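Here is what each chain is made of, one letter per residue.
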Amino acid sequence: AQTVTQSQPEMSVQEAETVTLSCTYDTSENNYYLFWYKQPPSRQMILVIRQEAYKQQNATENRFSVNFQKAAKSFSLKISDSQLGDTAMYFCAFMKQRGGWTLWGTDKLIFGTGTRLQVFP
Amino acid sequence: GAGVSQSPSNKVTEKGKDVELRCDPISGHTALYWYRQSLGQGLEFLIYFQGNSAPDKSGLPSDRFSAERTGGSVSTLTIQRTQQEDSAVYLCASSSPGTGLRGANVLTFGAGSRLTVL
């Protein structure tokens, strides 16, 4: 069974600074996807970034980037130029690739316990 | 619709009563997921529907929990004989089809249904 571990229950950062959230996972699968989701106080889950395991290049989305270390099973999220609106719970998540790269190649999404990020002015 | 719609947004019930929570996924999304989020906790997987395949029910915590998806669209999560420990936010998500990696695995979540069992 796959597990996702987020070892930082809470983090804080000053506005405009950079912060890194940690995530490790355990799997015997070779093909899978990794995600970071954000949940602000509104409770709405929002996709931040996605990484395909077969890609060596780290995914980036504007101020958000990941450090994906497949051998170490590590998937950290870096937030640059932090903004007050980044205050939220951040969840790391894992999805194994079912079968080949086909229409039905998705599976359940397994979440970590989350890191609460507070951005201070 | 434009997003995943869940109803009711809030439900208060008495211990022992049955409740039904509804999820209306994004039109055309073939995969539908239910998660439970207790106060201040992470998301606990409950059940996953994908097209016409048998659902993955491996996360359902007890036989009091069941879910169905009619016509490959709307889903209902039913909790029978509710207990206080069932109090949580129940989140539904759906994902779109697509070839290979494109879009087939990005979940769009609803706003959730908050269940309080007195």
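Chemist: Whenever I open this one, the side chain of R36(B) confuses me. Can you help?
Modeler: Residue and element names in this part refer to chain B. Looking at where R36 falls in the secondary structure, it is placed in strand β4 (residues 31–37). Here R36 falls in the buried class, since its relative accessible area comes to 11%. Once residues within four sequence positions are removed from consideration, R36 is found in contact with G42, L43, E44, L46, P61, F65, E85, D86, A88, V89 and Y90.

Chemist: Would you take a moment to explain the pattern of salt bridges for this structure?
Modeler: Between side chains of opposite charge, a pair can form when the charged atoms approach closely. All chains considered together, the criterion is met by eight salt bridges over all chains. Between D24(B) and R22(B) there is a salt bridge whose closest N-O contact spans 3.8 Å. We note a salt bridge from D86(B) to R64(B), for which the minimum N-O separation is 2.8 Å. Taken as a pair, D86(B) in the loop between β7 (75–79) and β8 (88–95) and R64(B) in the loop between β5 (44–50) and β6 (65–69) lie far apart in primary sequence, 22 residues in all. Assessed through its relative accessible area of 2%, D86(B) is described here as buried. For R64(B), a relative accessible area of 11% gives the class buried. The network of salt bridges with common partners includes R50(A), E52(A) and K55(A).

Chemist: Got a minute to help me understand the nonpolar core in this structure?
Modeler: Proteins that are soluble and globular tend to have nonpolar side chains buried together. The biggest cluster of nonpolar side chains holds 26 residues, and the ones touching the most others in it are Y25(A), W36(A), F75(A), L77(A) and Y90(A). For this core, the secondary structure elements donating two or more residues are β3 (19–21), β5 (32–39), β6 (46–52), β8 (64–69), β9 (74–79), β10 (88–96) and β12 (115–120) of chain A. In terms of residue count, β10(A) provides more of this core than any other element does, four residues in total. If near-sequence neighbours (up to four positions away) are discounted, L77(A) is found in contact with V19(A), T20(A), L21(A), W36(A), V48(A), I49(A), F64(A), S65(A), V66(A) and Y90(A). Residues M89(A), Y48(B), V89(B) and L91(B) belong to the second largest nonpolar core, which totals 21 residues.

Conventions adopted
- Residues numbered from 1 in each chain as written.
- Chains lettered and ligands numbered in written order.
- Predicted model: local features only at pLDDT ≥ 70, side-chain atom pairs only at ≥ 80, totals over all residues.
- Heavy atoms only, no water.
- Helix = DSSP H or I, 4+ residues; strand = E, 2+ residues; numbered from the N terminus.
- Buried < 20%, exposed > 50% of the residue type's maximum accessible area, 1.4 Å probe, protein only.
- Contact = heavy atoms within 4.5 Å.
- Salt bridge = Lys/Arg side-chain N within 4 Å of Asp/Glu carboxyl O.
- Core = buried A, V, L, I, M, F, W, Y, C linked by side-chain atoms within 4.5 Å.

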